[in-house]
Amino acid sequence: MARRNKILVPEARRGLDSLKAKVVQSHSPEDAKFEAADEVGVPLKKGYNGQLTSEQAGKVGGRLGGSMVRELVRMAQENLTKKQ
């Protein structure tokens, strides 16, 4: 099964970037993945990271993606509660 990492609504890019920074408690979305990598002990650096194993890359992506999904679910639940 192929993965699609393309944002279906390009206008959502800014919101997703700010959410990424928020869940990692980073100052900027560009630094979020590096801060997430530091938290899980992965030696991520700017530029080429071909030396990383799949497991290491997954730890960083999982940290970011999982946290973003949890935050989106929390926000949706909060919005549903407000509507009731």
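Residues numbered from 1 in each chain as written. Predicted model: local features only at pLDDT ≥ 70, side-chain atom pairs only at ≥ 80, totals over all residues. Heavy atoms only, no water.

(A) Geometry of the environment of Val23. Inspection of the secondary structure assignment puts Val23 in helix 1 (residues 13-24). By relative accessible area, Val23 is classed as buried at 15%. Between the C-alpha atom of Val23 and that of Leu64, which follows or precedes it by 41 residues, the distance is 7.5 Å. Ignoring sequence-local partners within four residues, the contact set of Val23 consists of Arg63, Leu64, Ser67, Met68 and Glu71. (Helix = DSSP H or I, 4+ residues; strand = E, 2+ residues; numbered from the N terminus. Buried < 20%, exposed > 50% of the residue type's maximum accessible area, 1.4 Å probe, protein only. Contact = heavy atoms within 4.5 Å.)

(B) Inspection of the pattern of salt bridges at higher detail. Using the criterion set out here, one finds 6 salt bridges in the structure. Arg63 serves as the salt-bridge partner of Glu39, at 2.6 Å between the closest nitrogen and oxygen. With a gap of 24 residues between them, Glu39 in helix 2 (residues 29-40) and Arg63 in helix 3 (residues 54-83) connect regions that are remote in the sequence. Accessibility expressed as a relative area gives 23% for Arg63, which makes it partly exposed. Taking the shortest distance from any N to any O, the salt bridge between Glu78 and Lys82 comes out at 3.7 Å. Taken as a pair, Glu78 and Lys82 lie in helix 3 at a separation of 4 residues, close to a single helical turn. Residue class for Glu78 comes out partly exposed when judged on its relative accessible area of 36%. The class for Lys82 is exposed, based on a relative accessible area of 61%. Through salt bridges with shared partners, a single network forms among Lys22, Glu71, Arg74, Glu78 and Lys82. (Salt bridge = Lys/Arg side-chain N within 4 Å of Asp/Glu carboxyl O.)

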